[in-house]
Each structure stands twice: as C-alpha cells, then as structure tokens.
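# Structural features, examined
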Amino acid sequence: MMMIKKRNRKFSAFCLLLVLFLASCSSMGESTSEKASEGGSSSIAMKKDRSETKKSDTQKQKMIYTSQVTITVQNFKKARSDVEQLANKMGGYIVESETLSEEGGHSGGYLKVRIPQDRFFAFTRKAGALSTGSPEEVINGRDVTEEYTDLEAQLKAKRLVRARLENFMKNAEKTEDLLHISKELAGVQEQIEKIQGRMNFLNNQSELSTVTVHFEVKNEGTYNKQLNTWAKAKALLKETWNGMLHAVSYLIIALIGLSPVIILLAAIAGVWVYSKRKKRAKKETKP
C-alpha cells in the first residue's frame, strides 16, 4: 500500500509539473503573438501616419500660376469667341478684356481669364493651339506654401490672444481696465482680419490661375488691301477739299475782319490818286 501511494504521489506531481509547463508555454506564445501583433499594428500605424502626413503636406502646398499666351489669328471676333467658350467649358471666366485697332488693317487685343488650377496647363495649351503660327507662351509659378503656413500660425496665436483678452474683459471690474482691454482687443481683431484677408487672397490665387491671351490680327487677302487703297484715296480727296474750303473760309473771314482798315487804305489811295490827277491837269492847262 505504501508503494502504491508513493507512485500515486509521483504521478500527480509529474502531472502538475506538466500542466505548469504547458501553461507557461502557452502564456509565452500568447505574449509573443501579442508582441508581434502589437509590432505589426504599430508599424501599420506608423505607415498610416506617414502617408497622412505626406497627404496633408501635399494638400497644404500652394502654388500661384500665371501665363501669357500670344496667338496670331485671321479673325479676331471668332478667336475671341473661341477663347471665351473654352474658358466657360473649363470652369473659368473673363475678368478683363481690351480690343485695339490700328491703321493699315492691323488689329488686336487681349483677354484675361481666371481658370481652375487643375485645368491651367490644359487651357494654356489649347489657347495656344488657336494660333495660325507658332504661339508665344510664358508660364510663371510661385510657391506660397511657406507664407501660408506662417499666416496660419500667426492666426492661431492671435486667436488665442483674443480669447484671453475676452476672458479678461469678462472678469474686469474697473472702467479703466475695460477700456484698455477693449483697445487691445480691437488691435488684435484688426490683425486677425488682415491675416485672414491675406490667406483668402492666397487661397483664391492658388485655386484659380490667371491666363492672359493676346491676339494679333492682320489683313485678309488682296481684296481688303484694295479696299484700304480706295479708302485712303477717298480720305486724301476729302482732306484736300476740306483744306481748300478752310483756305477760302479763312480768306473771307480775313476780308471781313480787316474791312475797316481796307476801306481806310482805299480812301487814302483814292485821295492820293485824285490829287495826282488834279496836279497833272493843271500842268497841262498852263500855256
């Protein structure tokens, strides 16, 4: 009986050790898997944070684009209409326009267009394609990301100052303190509005790019040249006739204006001639 009890005790002790060993192994495996899962999730989180950071940096980047496009066309009205339709199709609008005309059959003008930034290069390219010859394109880009970020930081700081001043105003009891805080609050509010205005301007300029399309239009064919020659001949004849009329009119006006002097001189000349003839007659009558 004693031997059986000893064997039972040894067997139970062995089973207890086996259970403890398996439990420790399972706990180690769970901790290892938890660490692995934590490491994987942390690496995924880091990658996600990096992608979000890059995404936010890309979104915050602000570029201001402008371009000058000079095109040569045969029909100014048609080319102008084509550019206006192209701007409307791409979500833009006309902000300024001018039409110029010169002698010799040359004419021209320009259109200033605001166009969404994502369609800026496409609009510039299509506007240049309207030229009968090689268009002239000048594209400028300015990065205002740093300025905009600084303005954001300044706006945040000014808003904190405004909040503190408003809190001080609520707790102020003296009239002098209220006046002083109110003056400081007005100055901070003015600075906030200036910063916000500059940020709004940068947003507008970066969201909508500016394209100025210049038109150069020349004569069309020999018929137009003949018409211009006939028009020049008519103009020259008209100018000559007008010149003659002006000369005659000036002469008549001069005669009327100088009539008193002319009459006086004529009277003096008449008296002189009469006296001369009288003297000559007296000499002829003497023996």
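Calculation criteria
Residues numbered from 1 in each chain as written. Predicted model: local features only at pLDDT ≥ 70, side-chain atom pairs only at ≥ 80, totals over all residues. Heavy atoms only, no water. Helix = DSSP H or I, 4+ residues; strand = E, 2+ residues; numbered from the N terminus. Buried < 20%, exposed > 50% of the residue type's maximum accessible area, 1.4 Å probe, protein only. Contact = heavy atoms within 4.5 Å. Areas by Shrake-Rupley, 256 points an atom, 1.4 Å probe, with all protein chains shown as cover. UniProt positions renumbered as here; feature names shortened; annotations may be inferred. Phe/Tyr/Trp six-rings, centres within 6.5 Å; stacked < 30°, edge-to-face > 60°. Salt bridge = Lys/Arg side-chain N within 4 Å of Asp/Glu carboxyl O. Pairing = 2+ DSSP bridges. Axes fitted to C-alpha atoms, helices over the stretch in contact; angles between N-to-C directions. Polar contact = N/O pair within 3.5 Å; in protein donor to acceptor, adjacent residues only side chain to side chain. Parallel < 35°, antiparallel > 145°, perpendicular 65-115°, else oblique. Left-handed = near helix turned anticlockwise from the far one by under 90°. Nonpolar A, V, L, I, M, F, W, Y, C, P; charged D, E, K, R; others polar. Patch = residues over 30% accessible without salt bridge, like charges linked within 9 Å, V, L, I, M, F, W, Y side chains within 5 Å. Lys, Arg positive; Asp, Glu negative; His and termini not counted. Charge placed at Lys NZ, Arg CZ, Asp CG, Glu CD.

With that settled, the discussion passes to the overall build of the chain. If you tally the helices and strands in the chain, you get seven helices and five strands. Written out in order from the N terminus, the α and β elements of the chain read α-β-α-β-β-α-β-α-α-β-α-α. Within the chain, buried positions represent 19% of all 287 residues. The long-range fraction of contacts in the chain, counting pairs at least 24 apart against all pairs at least 6 apart in sequence, stands at 78%. For the chain, the computed accessible surface area is about 22,300 Å², with 59% contributed by carbon and sulfur atoms.

On to the UniProt feature "transmembrane region" (unreviewed entry) in the chain, then. Sequence positions flagged by UniProt for "transmembrane region" (unreviewed entry) are, in local numbering, residues 247–274. Within the segment residues 247–274, helix and strand shares are 96% and 0% respectively, and the terminal C-alpha atoms sit 35 Å apart.

Evaluated as defined, the whole model comprises four aromatic pairs. On the basis of an interplanar angle of 90 degrees and a centroid distance of 5.4 Å, the ring pair of F76 and F215 is categorised as edge-to-face. Here F76, found in helix α2 (residues 76–89), pairs with F215, found in strand β5 (residues 208–217); they are 139 residues apart in sequence, far enough to count as distant. Neither residue differs from the other here; F76 and F215 are each classed as buried. One aromatic cluster is present, built from ring pairs that chain together Y65, F120 and F121.

Counted under the stated rule, the structure contains five salt bridges. Of the charged contacts in the structure, one is a salt bridge between R198 and E147, with a shortest N-O distance of 2.8 Å. Remark: E147 occurs in helix α4 (residues 145–171) and R198 occurs in helix α5 (residues 175–207); sequence separation between them is 51 residues. For R198, a relative accessible area of 30% translates into the label partly exposed. Residues E190 and K194 are paired through a salt bridge, measuring 3.8 Å at the closest nitrogen-oxygen approach. Placement of the pair is E190 and K194 together in helix α5, with a separation of four residues, close to one helical turn. Judged by its relative accessible area of 44%, E190 is partly exposed. The exposure class of K194 is exposed, given its relative accessible area of 58%.

Glancing now at the sheet that holds strand β4 (residues 136–143). Spatially, the five strands line up as an open sheet ordered β2-β3-β5-β1-β4, and their pairing is mixed. Single-partner strands in this sheet number two, and they are β2 (93–101) and β4. Put simply, the sheet's adjacent strands are angled 10 degrees from each other on average, direction ignored. Pairing between strand β3 (residues 107–116) and β5: 10 bridges, direction antiparallel.

Attention shifts here to the side chain of T210. Note that T210 resides in strand β5. A polar atom in the side chain of T210 sits 3.2 Å from the side chain of R114. Excluding residues that lie within four positions of it along the chain, T210 makes contacts with Y65, T66, S67, K112, V113, R114, F120 and Q205.

Before going further, it helps to examine the pairing of β3. The element β3 is extensively covered by neighbouring structure, given that eight of its 10 residues are classed as buried. Relative to β3, β2 is paired through eight bridges, and the arrangement is antiparallel. Bridging from a neighbouring strand, T99 pairs with G109 of β3.

Right, let's talk about the packing of α2 against helix α3 (residues 120–128) for a bit. Where α2 meets α3, the closest approach of the two axes is 11 Å, and the angle between their N-to-C directions is 160 degrees. Between α2 and α3, the angle is such that the two are roughly antiparallel. Considering how the two elements wind past one another, α2 and α3 form a crossing that is right-handed. Taken together, the residues of α3 that come into contact with α2 (itself represented by V83, L86 and A87) are F123, K126 and A127. The residue makeup of the contact of α2 with α3, split by class, is five nonpolar, no polar and one charged.

On the surface, a cluster of positive charge is contributed by K276, R277, K278, K279, R280 and K282. With respect to the helices and strands, R280 occurs in helix α7 (residues 259–285). Owing to a relative accessible area of 54%, R280 belongs among the exposed residues under this scheme.

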